[in-house]
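What follows is the residue order along each chain.
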Amino acid sequence: MERKRTDCPALPPGWKKEEVIRKSGLSAGKSDVYYYSPTGKKFRSKPQLARYLGNAVDLACFDFRTGKMMPGKLQKNKQRFRHDAQSLAKGGKPDLNTALPIRQTASIFKQPVTKVTSHPGNKVKADLQRAVEPPRQLFWEKRLKGLRSSDVTEQVLQAMDLPKGLQGIGPDSSDDVLLSAIASALHMSSAPITGQTSVAVEKNPAIWLNTSQPLCKAFTVTDEQIREQELKVYQARRSLEEALTADSLAKAAENARELLRGKTA
C-alpha cells in the first residue's frame, strides 16, 4: 500500500491527513482516508472525528475525503431541508432517504409477547361482502351433458325416465341436463325444490332464471306420487334384504360343508 500523509489546514494546527492507496486485490486503485490528532490518535470516520472535537470545530461543511471546508455542500443541505419542510407543510409525503434509520434485524433473544384477543371498547362490524351470496354461473348443468354412469363391468346404466310433468327450460334442455339439475338442487340445497316459478323465465331465461332452482318449469308433487315412490323404495329395500339374507345363508351352508369335509378327512 502507498501512504501519503499531509497537513490538514481545515482542522486545528497539528492535525494530519493520511491517504492510503490500495495496490492489489479487487479494490486496487481505491483509497482510504484517515486523520491523526497532534497526539497521534487515528480517526476513521467523520462522526468519530466530530465526537472528539465537539464544539471546538464546526464540521458541518467539512468533506472527510478531501479534508477541505465546502460551504456549497452546506448550502445544498439547507435548501434540501427547506424544500422537505415545505413539501410536508403542503401535505406531501416525507422523503424516506432523509428519515432516521430503523433497525430491521430481529433479536436473537426471546422477548416476552402479550397477545391481546379482545378489547372491551371495540365493536364487531359485519362484513357485508361475505354476507352477500357469491354469483353463480347460468346453465352450468350443460357441462354434464353426455356423461353417463356405468356399473363395475363398465356397462352403461339405463337412463331414468322422468315424469311427464317435468319440462326443461333454457337452451338445449334435454332430459340428461334436467336430471343433473334436479339431482344437484336436491344435493346442494335444503330449500324446497319447486322449479322456476316465474312466468317470464320462459321468454328470457338468462335474465329471470332462479339459480337456486333446477332448469325446469314449476311443478307440484301430489300425495299420490309420494305414496308411489314410497312403495317403490319399500320394494327395493325388501328385495335387497332378501338378497342379503340368501347370500348369508349360502355362505353359512358352505362353511358347514367345509367343516364336515374336514371332520371326515
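> Describe the overall build of the chain, and please don't skip the residues or the numbers.
Looking only at helices and strands, the chain features six helices and six strands. Ordering the α and β elements of the chain from the N terminus gives β-β-β-β-α-β-β-α-α-α-α-α. Buried residues in the chain amount to 17% of all 265 residues. Taking as baseline every contact in the chain between residues at least 6 positions apart, the subset at least 24 positions apart corresponds to 35%.

> Outline the pairing of strand β2 (residues 16-21), supporting the account with residue identities and numerical values.
Inspection of the sheet shows strand β1 (residues 2-7) paired to β2 by six bridges, in the antiparallel sense. What sits directly across from glutamate 2, in β2, is isoleucine 21.

> Account for the side chain of glutamine 196, naming residues and giving values.
Along the chain, glutamine 196 falls in the loop between α4 (175-188) and α5 (205-208). Here the side chain of glutamine 196 touches asparagine 210 through a polar contact of 2.8 Å, landing on its backbone nitrogen. Excluding residues within four positions of it along the chain, glutamine 196 makes contact with Ile169, Val201, Trp208, Leu209, Asn210, Gln213, Pro214, Cys216, Lys217 and Ala218.

> Go over the side chain of serine 31, please, and point to the residues and values.
Its place among the elements puts serine 31 in strand β3 (residues 31-36). Judged by relative accessible area, which is 16%, serine 31 ranks as buried. Reaching out from serine 31, the side chain makes a polar contact with the side chain of arginine 65 at a distance of 3.2 Å. If we ignore the near neighbours within four places in the chain, the residues touching serine 31 are Glu19, Val20, Ile21 and Arg65.

> Tell me about the nonpolar core, residues and numbers included.
Judged by nonpolar contacts, Cys8, Leu11, Trp15, Val33, Tyr35, Phe43, Leu49, Leu53, Val57, Leu59, Phe62 and Phe64 together constitute the single largest core of twelve residues. Sequence-distant contacts of valine 57, that is, excluding residues within four places in its chain, are made with Pro12 and Met69. The next biggest cluster of nonpolar side chains, apart from the first, holds six residues, and it includes Phe139, Ile169, Val201 and Leu215.

> Account for the sheet that holds β1, naming residues and giving values.
Judged by pairing direction, the sheet is antiparallel, and its four strands sit side by side in the order β1-β2-β3-β4 without closing on themselves. At either margin of the open sheet sits one strand with a lone partner, and together these are β1 and β4 (42-43). With two bridges joining them, β3 and β4 adopt antiparallel strand pairing. The partner of tyrosine 35 across the bridge, within β4, is phenylalanine 43.

> So what about the packing of aromatic side chains? Which residues, and what values?
Tallying each qualifying case throughout the model produces five aromatic pairs. Seen from the ring of tyrosine 36, arginine 5 lies directly overhead, with NZ or CZ sitting 4.0 Å from the centre. Its end group placed over the ring of tyrosine 34, lysine 42 keeps NZ or CZ at 4.1 Å from the ring centre.

> Can you explain the pairing of β3? Please cite residues and give values.
Burial analysis of β3 places six of its six residues in the buried class, the great majority of the element. A two-sided burial pattern is seen for β3, the buried positions comprising Ser31, Val33 and Tyr35 on one face and Asp32, Tyr34 and Tyr36 on the other. Judged from the six bridges that link them, β2 and β3 form a sheet pairing that is antiparallel. Across the sheet, residue lysine 17 finds its bridge partner in β3, namely tyrosine 35.

Cut-offs used in this document
Residues numbered from 1 in each chain as written. Predicted model: local features only at pLDDT ≥ 70, side-chain atom pairs only at ≥ 80, totals over all residues. Heavy atoms only, no water. Helix = DSSP H or I, 4+ residues; strand = E, 2+ residues; numbered from the N terminus. Buried < 20%, exposed > 50% of the residue type's maximum accessible area, 1.4 Å probe, protein only. Contact = heavy atoms within 4.5 Å. Pairing = 2+ DSSP bridges. Polar contact = N/O pair within 3.5 Å; in protein donor to acceptor, adjacent residues only side chain to side chain. Core = buried A, V, L, I, M, F, W, Y, C linked by side-chain atoms within 4.5 Å. Phe/Tyr/Trp six-rings, centres within 6.5 Å; stacked < 30°, edge-to-face > 60°. Lys NZ or Arg CZ within 6 Å of the ring centre and 35° of its normal.

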